[in-house]
Amino acid sequence: MPDLFNLTGPIFLLIGLGWLGVRFGLLDRAQMPALGRFVMCFCLPALLMRALGQRDPVEVVNAPYLLAYAAGSLEALGAGLLWA
């Protein structure tokens, strides 16, 4: 459980800091779309790569998890195509 908090904690901390920045007027609402795009395109991928880079590759590439994720994704895709 502490590993989960170590991985997701910085993300939620940054979300909270962004909220506080808008709440107390440090950031204007007009700046939010550009800042959000910057965070989604640069900051979060860099944070994810850093977190994954610090782990053992065997721990990151978990075959049963990846197969289950792929099966679930294909099932959701198939259901969406049938529904459409």
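Residues numbered from 1 in each chain as written. Predicted model: local features only at pLDDT ≥ 70, side-chain atom pairs only at ≥ 80, totals over all residues. Heavy atoms only, no water.

Quick notes on the confidence of the model for the protein chain
A low pLDDT means the predicted coordinates there should not be read in detail.
Now for step 1: This prediction gives the protein chain a mean pLDDT of 87; 99% of its residues lie at or above 70.
Now for step 2: The lowest-confidence element of the protein chain is helix H3 (residues 57-60), averaging 81 in pLDDT; the highest-confidence one is helix H4 (residues 63-83), averaging 95. (pLDDT = per-residue confidence, 0-100. Helix = DSSP H or I, 4+ residues; strand = E, 2+ residues; numbered from the N terminus.)

Comments concerning helix H2 (residues 32-53)
Now for step 1: In this model H2 runs 30 Å from its N-terminal to its C-terminal C-alpha over 22 residues, within 8% of the 32 Å that 1.5 Å per residue would give.
Now for step 2: When the local axis directions of H2 are compared, the greatest deviation, roughly 40°, occurs at Val39. (Expected span 1.5 Å × (residues − 1). Bend = angle between axes of the 7 residues up to and from the residue.)

Structural notes on the pattern of salt bridges
Now for step 1: A complete count under the given rule lists one salt bridge for this structure.
Now for step 2: Linking Glu59 and Arg55 is a salt bridge whose minimum nitrogen-to-oxygen distance equals 3.4 Å. (Salt bridge = Lys/Arg side-chain N within 4 Å of Asp/Glu carboxyl O.)

Some details on the packing of helix H1 (residues 2-23) against H2
Now for step 1: H2 packs onto H1 with a crossing angle of 160° between their chain directions and a minimal axis gap of 11 Å. When the axes of H1 and H2 are compared, the pair comes out roughly antiparallel. The chirality of how H1 crosses H2 is right-handed. Of the residues in H2, those touching H1 at Leu7, Pro10, Ile11 and Val22 are Met32, Leu44, Leu47 and Ala51.
Now for step 2: In the contact of H1 with H2, the residues fall into eight nonpolar, no polar and no charged. (Axes fitted to C-alpha atoms, helices over the stretch in contact; angles between N-to-C directions. Parallel < 35°, antiparallel > 145°, perpendicular 65-115°, else oblique. Left-handed = near helix turned anticlockwise from the far one by under 90°. Contact = heavy atoms within 4.5 Å. Nonpolar A, V, L, I, M, F, W, Y, C, P; charged D, E, K, R; others polar.)

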